[in-house]
Amino acid sequence: MTQTHDMTPPASASEMGGLPCYVRVTGTLEQRFVAFEFAIGDPELAVELVLLFDQFHAFCAQHQAIHLDAEEGARLDYERLKWRFGAPGIDH
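A short tour of the structure in this document, coming up. Note that the coordinates shown come from a computational prediction; the quantities given were computed from them, not determined experimentally.

1. Points about the overall build of the protein
Here is step 1: Looking only at helices and strands, the protein features 3 helices and 4 strands.
Here is step 2: Secondary structure elements of the protein occur, N-terminal to C-terminal, as α-β-β-β-α-β-α.
Here is step 3: For the protein, the proportion of its 92 residues judged to be buried stands at 25%.
Here is step 4: For the protein, contacts bridging at least 24 residues in sequence account for 36% of all contacts bridging at least 6.
Here is step 5: Accessible surface computed for the protein: about 6900 Å², of which carbon and sulfur atoms make up 57%.

Below, the structure written as structure tokens:
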């Protein structure tokens, strides 16, 4: 019995769901790893991931990720603080 392995990379999350993907770099670890947030559709709902630099670049290319800049990251942090320490929609 011969087994064949499909070498086609998996589809990007944006292609599968029809929604944009977002990446926000949050730091580096040991000068080898990139710590980042990855979101599909809504940058406010993200998972935290860590990959080697080369893997991170390949991951972003595969998922056609939109990189969030510092201003967008600050806005996300501000919204999260409101949910954590105050009532949503109220400025403190």
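2. Observations regarding the side chain of arginine 24
Here is step 1: For arginine 24, the position within the fold is in strand S1 (residues 21-29).
Here is step 2: For arginine 24, the side chain forms a polar contact with the main-chain oxygen of glycine 73, separated by 3.3 Å.
Here is step 3: Of the polar contacts made by the side chain of arginine 24, one reaches the side chain of aspartate 77; its length is 2.8 Å.

3. Let's talk about helix H3 (residues 70-85)
Here is step 1: For H3, with 16 residues, the first-to-last C-alpha span of 22 Å sits near the 22 Å given by 1.5 Å per residue.
Here is step 2: Every buried residue of H3 is accounted for by Gly73, Leu76 and Lys82.
Here is step 3: Where H3 is buried, its residues contact S1.
Here is step 4: Measuring from the backbone nitrogen of glutamate 71 back to the side-chain oxygen at the start of H3 gives 3.2 Å, which picks out aspartate 69 as the cap.

4. A closer look at the pairing of strand S2 (residues 33-40)
It is a general feature of regular strands that their side chains alternate between the two faces of the sheet.
Here is step 1: In terms of residue burial, S2 counts as a mostly covered element, since 6 of its 8 residues are buried.
Here is step 2: Adjacent in sequence and paired antiparallel, S1 and S2 are bridged by 3 residues, among which glutamate 30 carries a positive phi angle near 50°.
Here is step 3: Hairpin connection, S2 to strand S3 (residues 46-52): the antiparallel pair is bridged by 5 residues, and glycine 41 has positive phi, about 85°.

5. Some thoughts on the state of the cysteines
Here is step 1: Across all of its chains, the model carries 0 disulfides by this definition.
Here is step 2: The thiol sulfur of cysteine 21 is not disulfide-bonded, and the nearest other cysteine sulfur, from cysteine 60, lies at 9.8 Å.
Here is step 3: Here cysteine 21 falls in the buried class, since its relative accessible area comes to 0%.

What counts, and at which threshold
Residues numbered from 1 in each chain as written. Predicted model: local features only at pLDDT ≥ 70, side-chain atom pairs only at ≥ 80, totals over all residues. Heavy atoms only, no water. Helix = DSSP H or I, 4+ residues; strand = E, 2+ residues; numbered from the N terminus. Buried < 20%, exposed > 50% of the residue type's maximum accessible area, 1.4 Å probe, protein only. Contact = heavy atoms within 4.5 Å. Areas by Shrake-Rupley, 256 points an atom, 1.4 Å probe, with all protein chains shown as cover. Polar contact = N/O pair within 3.5 Å; in protein donor to acceptor, adjacent residues only side chain to side chain. Expected span 1.5 Å × (residues − 1). Pairing = 2+ DSSP bridges. Disulfide = S-S within 2.5 Å.

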